[in-house]
There are 2 protein chains.
Amino acid sequence: MKEIKMIRWLTGLLLLGQSLAWAADALPSWQDTTPKQAILAYVAKVTQAGSPDFVPVPERIAVFDNDGTLWPEVPVPFQLTFALDELKVQVQQKPELKQDPMVQAALSGDLASLMAGPHHEGLLHLLALTHAGMTTDEFAARVRTWLATAKHPRFNRPYVQLAYQPMLELLQYLREQGFKTYIVSGGGADFMRVFAESVYGIVPEQVIGSNSLTRFERRPAGPVLVKTLEQLYVDDKEGKPVAIHQFIGRRPIACFGNSDGDQAMLEYSTQGNPHPAFGLIVHHTDAAREYAYDTKPPASGTLVTALAAAPKQGWVVVDMQRDWKQVFAP
Amino acid sequence: MKEIKMIRWLTGLLLLGQSLAWAADALPSWQDTTPKQAILAYVAKVTQAGSPDFVPVPERIAVFDNDGTLWPEVPVPFQLTFALDELKVQVQQKPELKQDPMVQAALSGDLASLMAGPHHEGLLHLLALTHAGMTTDEFAARVRTWLATAKHPRFNRPYVQLAYQPMLELLQYLREQGFKTYIVSGGGADFMRVFAESVYGIVPEQVIGSNSLTRFERRPAGPVLVKTLEQLYVDDKEGKPVAIHQFIGRRPIACFGNSDGDQAMLEYSTQGNPHPAFGLIVHHTDAAREYAYDTKPPASGTLVTALAAAPKQGWVVVDMQRDWKQVFAP
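Throughout this document, residue positions are counted from 1 along each chain, in the order its sequence is written. Chain labels run from A onward and ligand labels from 1 onward, assigned in the order the entries are written. Confidence filtering applies because this is a predicted model: local features only for residues at pLDDT of at least 70, side-chain atom pairs given and counted only at 80 or more, and all residues used for totals across whole chains, interfaces and linings. Side-chain descriptors were evaluated using all non-hydrogen atoms of the structure, hydrogens and water having been removed beforehand.

### Concerning the overall build of chain A
Note on conventions: DSSP H or I runs of at least 4 residues are helices, E runs of at least 2 residues are strands, and numbering of each starts at the N terminus. Within chain A, the secondary structure is distributed over 14 helices and eight strands. On the principal axes, the C-alpha backbone points of chain A span a range of 75 × 50 × 40 Å. Counting every position in chain A, which comprises 330 residues, the buried fraction comes to 57%. Sequence separation of 24 or more characterises 67% of the internal contacts of chain A that already satisfy a separation of 6 or more. Under the convention used here, a 1.4 Å probe and the Shrake-Rupley method define accessible areas, while residue burial counts only the protein chains that appear. Carbon together with sulfur atoms contributes 57% to the accessible area of chain A, which is approximately 13,800 Å² in total. Burial here depends on accessible area, computed with a 1.4 Å probe over protein chains only, as a share of the maximum for the residue type. Under 20% is buried, over 50% is exposed, and the range in between is partly exposed. Contacts were defined at the residue level, with two residues in contact if any of their heavy atoms lie within 4.5 Å.

Written out as structure tokens, the structure is:
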């Protein structure tokens, strides 16, 4: 028993030391400006045992949008590029697909038609053509192949090397402080799950995204799940808090987004939460290192109403140009 | 650095000691018969670093049915009792509900009408009446009140004191060995999440159950989610592997059930899994300490086809009378 006590004491000392070291160095790619200070102050507050603001570890749920929050969404959300590349492969195999007006729009680069409508119905139709009819394993293999070969047109890097370095540090820091980090994105869950673990350190079960049902089929080598379009669920806007309840079942205490599509989950996380809560918006202001695009609707990732609401709601706004030392890892 | 190394070494030693102690005592309520031996052998195999059977921690997903696997489902699934009790309260408040034939059936104790149909449509209709139209917080409060007052008719205990002691030990043991334990049940997710954390040690985000969408509403005190019947999803039979993919996104390596409703997820977990996988069925054979009911269809919790498939599939069958020293904690 004496040995156990000594080990516990030493371990406690070690953890305390780690914790203090983290507080100083956890976010090296962040400038020492308001957002970094606010993050550190908030985390210190809710992790301080005995404090009235203390939040028990199981309730430290942090949710992150993906496109525009953890990696770019310009010139178009990357999953759309995947879908277009996949469509080209499929049209070669099934030429009858060319009769589809949305396929024609996609192949001719008419993205406006695809993005029209409140839920980008054309885009979803395209995703359906390229994201259904195969098993979940087959789909994951296609995504993996694409991620290994495709490159971003401006940065000339594989897409998985475009995660925002400051956000990677933030994810890691929050996990070290007992937070469970989730993605809650309009992107497809099955698409994001292929790379979220290796890129963000977020396991598949913590990736919430747009989704539809699969169909269970018994095959000679064992059961498979075939992707379908049934009960297509668009995890955007008011759909985000709804999905958070469906998948997580408790209110997050921290929420990170970049567009009006994240406003409902920011509200759900921070308004009327019995725990102290934290909301943050990544504002794309950096045309030199990334893009400056988000306040000019209509565009994917429009940030107008959420930005206007931020001061009253107490949401921290990250000005990428001012608040981040670097955007991508070198 | 020397201190850190020493602490790591001591901690390692301590963990090794704990691990050896666990292997001997982790399942004290289990007889030393085939099921316990099979569980310990399987866990030893997949957690042995360097072994070809080793499974990395993030992939150690274990899924458990709830009714009949973690707690009883006789005389009727407990959530049905909750719904009937709730219905009585609601009929007093809204007498027009008495016009509903299913309400009449429920109040007259005609459970056969409620349970008819492949997905127990009548039951689901009753659940809908008692499980929709209020906020998620209001619903959770009603469940909490019921759990604190209602008692099981035979055992005369609150329902939350009827978790199977051997299964509680198994859940705890698996978690100590790096497994993430999930519930995958036909029961309602919002119902189970109220008690799963305190009773089973399973956090809300690891409770998968029947579910339907909520509606996001902005109210003066902050946003709420109102329970609806939209996109009602019955998490049973082939719906279980489909939900496992939707919520977890990877194939479990261990699956625990008790009825034919669990057969599809047992197949999905164990057939064609690239990792060594484990399937187990709790067979209700103990009329003295619990119930012996499951091989006599039609009944909730029928175990016929899955039991017949078990030997060929390599699924371990727990004979409750033979294999468990005790069923409930004293």
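Let us keep going from here.
### Regarding the domain arrangement of chain A
Residue and element names in this part refer to chain A. The split into domains, and so the bounds of each, comes from an automatic or database assignment of domains. Taken domain by domain, chain A consists of domain 1 (23-75 + 162-323) and domain 2 (78-149). Taking only C-alpha atoms, the centre of domain 1 and the centre of domain 2 are 25 Å apart. On the domain 2 side, the residues contacting the 22 residues of domain 1 number 20 residues. Of the roughly 1,700 Å² buried between domain 1 and domain 2 on both sides combined, carbon and sulfur atoms contribute 75%. Summed over both partners, buried area is the accessible surface (1.4 Å probe) that two parts give up on being assembled. Together, Phe-191, Val-194 and Lys-227 form the three largest contributors to the area buried by domain 1 at its contact with domain 2, with a combined 38%. When residues of the side of domain 1 that touches domain 2 are traced back to their parent elements, those giving at least two are β2 (180-188), α9 (189-192), β4 (214-219) and β5 (222-227). Tallying contributions element by element places β5 first for the side of domain 1 that touches domain 2, with four residues. Across the side of domain 1 that touches domain 2, the residue classes tally to 13 nonpolar, five polar and four charged. Think of it as three bins: nonpolar holds Ala, Val, Leu, Ile, Met, Phe, Trp, Tyr, Cys and Pro, charged holds Asp, Glu, Lys and Arg, and polar takes everything else, Gly as well.

### Digging into the packing of helix α3 (residues 78-93) of chain B against helix α7 (residues 136-149) of chain B
For any two helices packed against each other, one specifies the inter-axial angle together with the distance between the axes. Residue and element names in this part refer to chain B. Viewed as axis vectors pointing N to C, α3 and α7 meet at an angle of 105°, and their least axial separation amounts to 11 Å. By the angle class used here, α3 and α7 are roughly perpendicular. Residues Phe-78, Thr-81, Phe-82, Asp-85, Glu-86 and Gln-90 of α3 lie in contact with α7, whose contacting residues are Phe-139, Arg-142, Val-143 and Trp-146. For the contact of α3 with α7, a count of residues per class yields five nonpolar, two polar and three charged. Every axis corresponds to a line fitted to the C-alpha atoms, with the helix fit spanning only the stretch in contact, and the corresponding angles, defined between N-to-C directions, vary from 0 to 180 degrees. Every angle not falling under 35 degrees, over 145, or within 65 to 115 is termed oblique; those three ranges are roughly parallel, roughly antiparallel and roughly perpendicular.

### Overview of the relation of the copies chain B and chain A
Overlay of chain B on chain A (RMSD 0.0 Å): rotation 180°, translation along the axis 0.0 Å. Each copy turns onto its partner about a two-fold axis. The fraction of interface residues of chain B whose copies in chain A are also interface residues reaches 100%, indicating that both copies meet through the same surface. Least-squares fitting of one copy onto the other uses the C-alpha atoms of those residues that reach a pLDDT of at least 70 in both copies.

### So, the interface of chain B and chain A
When the parts of a complex come together, some accessible area is lost, and that lost area is often used as the size of the interface. Every contact between the two is made by 46 residues of chain B and, on the other side, 46 residues of chain A. The contact between chain B and chain A buries some 4,100 Å² in all, and 55% of this surface belongs to carbon and sulfur atoms. Salt bridge, as applied in this entry: a Lys or Arg side-chain nitrogen positioned within 4 Å of an Asp or Glu carboxyl oxygen. Connecting chain B to chain A are eight salt bridges. A salt bridge links Glu-205 of chain B to Lys-180 of chain A, with the shortest nitrogen-to-oxygen separation between them at 2.9 Å. Any N or O atom pair separated by 3.5 Å or less is treated as a polar contact, with the protein-specific requirement of one donor-capable and one acceptor-capable atom, and with residues adjacent in sequence counted only for side-chain atom pairs. For the interface between chain B and chain A, the tally reads 24 residue pairs in polar contact (both at pLDDT 80 or more). Of all the secondary-structure elements, those providing two or more residues to the side of chain B that touches chain A are α1 (2-25), α7, β2 (180-188), β4 (214-219), β5 (222-227), α11 (239-247) and α12 (263-270) of chain B. For the side of chain B that touches chain A, the class distribution of residues is 23 nonpolar, twelve polar and eleven charged.

### Regarding the sheet that holds strand β1 (residues 61-64) of chain A
Residues and elements named next belong to chain A. Think of it this way: DSSP has to see at least two bridges between two strands before they count as a pair. Within the open sheet, the six strands sit side by side as β3-β2-β1-β6-β7-β8. Their pairing is parallel. On the outer flanks of this sheet lie β3 (207-210) and β8 (316-319), each paired with one strand and no other. Averaged over all adjacent pairs, the angle separating strand axes in this sheet is 20°, with direction ignored. Direction of pairing for strand β7 (residues 278-283) relative to β8: parallel, over a ladder of four bridges. Each bridged residue has a counterpart across the sheet, and for Ile-281 the counterpart in β8 is Val-317. Taken strand by strand, helix α11 (residues 239-247) contacts β1, β2 and β3, and its axis lies near 130° from that of β2. Lying on the sheet, helix α13 (residues 305-313) is in contact with β7 and β8; it crosses β7 at an angle near 140°.

### Considering unusual backbone geometry
The bulk of non-glycine residues show a negative phi, and the bulk of peptide bonds are trans. Residues and elements named next belong to chain A. Here Val-74 and Pro-75 are connected by a cis peptide whose omega angle stands at 10°. With respect to the helices, strands and loops of the structure, Pro-75 is situated in the loop between β1 and α3 (78-93). Backbone geometry at Asn-156 places phi at a positive 55°, although glycine is not the residue there. Mapped onto the fold, Asn-156 is located in the loop between α7 (136-149) and α8 (165-176). Even without glycine at this site, Lys-237 takes up a positive phi of about 50°. Residue position: Lys-237 is located in the loop between β5 and α11.

### As for the nonpolar core
Take the buried residues of types Ala, Val, Leu, Ile, Met, Phe, Trp, Tyr and Cys, join any two whose side-chain atoms come within 4.5 Å, and each joined set is a nonpolar core. The biggest cluster of nonpolar side chains holds 57 residues, and the ones touching the most others in it are Met-167, Leu-170, Tyr-200 and Phe-256 of chain A. In terms of residue count, helix α2 (residues 34-47) of chain A provides more of this core than any other element does, six residues in total. Both domains that meet at this core, namely domain 1 (23-75 + 162-323) and domain 2 (78-149) of chain A, each give it at least three residues. When sequence neighbours within four positions are dropped, the list of residues in contact with Leu-170 of chain A reads Leu-27, Trp-30, Ile-39, Phe-64 and Phe-256 of chain A. Within the second largest apolar cluster, 56 residues are counted, among which are Leu-147, Phe-155, Phe-179 and Ile-202 of chain B.

### Some points on the pattern of salt bridges
Residue and element names in this part refer to chain A. Under the definition given, this model contains 30 salt bridges over all chains. Across the pair Lys-237 and Asp-236 runs a salt bridge whose closest N-O atoms are separated by 3.6 Å. On the basis of relative accessible area, Asp-236 is assigned to the buried category, the value being 19%. One salt-bridge network, held together by shared partners, links Asp-65, Lys-240 and Asp-262.

### A few points about the sheet that holds β2 of chain B
Residues and elements named next belong to chain B. Here we have six strands laid out as an open sheet, ordered β3-β2-β1-β6-β7-β8, and parallel in their pairing. The open sheet has two edge strands, β3 (207-210) and β8 (316-319), and neither has a second partner. Strand-to-strand twist across the sheet, computed as the mean angle between neighbouring axes with direction ignored, equals 20°. Of the pairings in the sheet, the one linking β2 to β3 comprises three bridges and is parallel in character.

### Quick look at the pairing of β5 of chain A
For a regular strand, side chains alternate in direction, first toward one face of the sheet and then toward the other. All names here are of chain A. The element β5 is extensively covered by neighbouring structure, given that six of its six residues are classed as buried. As paired strands, β4 and β5 are joined by six bridges and run antiparallel to one another. Across the sheet, Phe-216 pairs through a bridge with Leu-225, a residue of β5. Hairpin connection, β4 to β5: the antiparallel pair is bridged by two residues.

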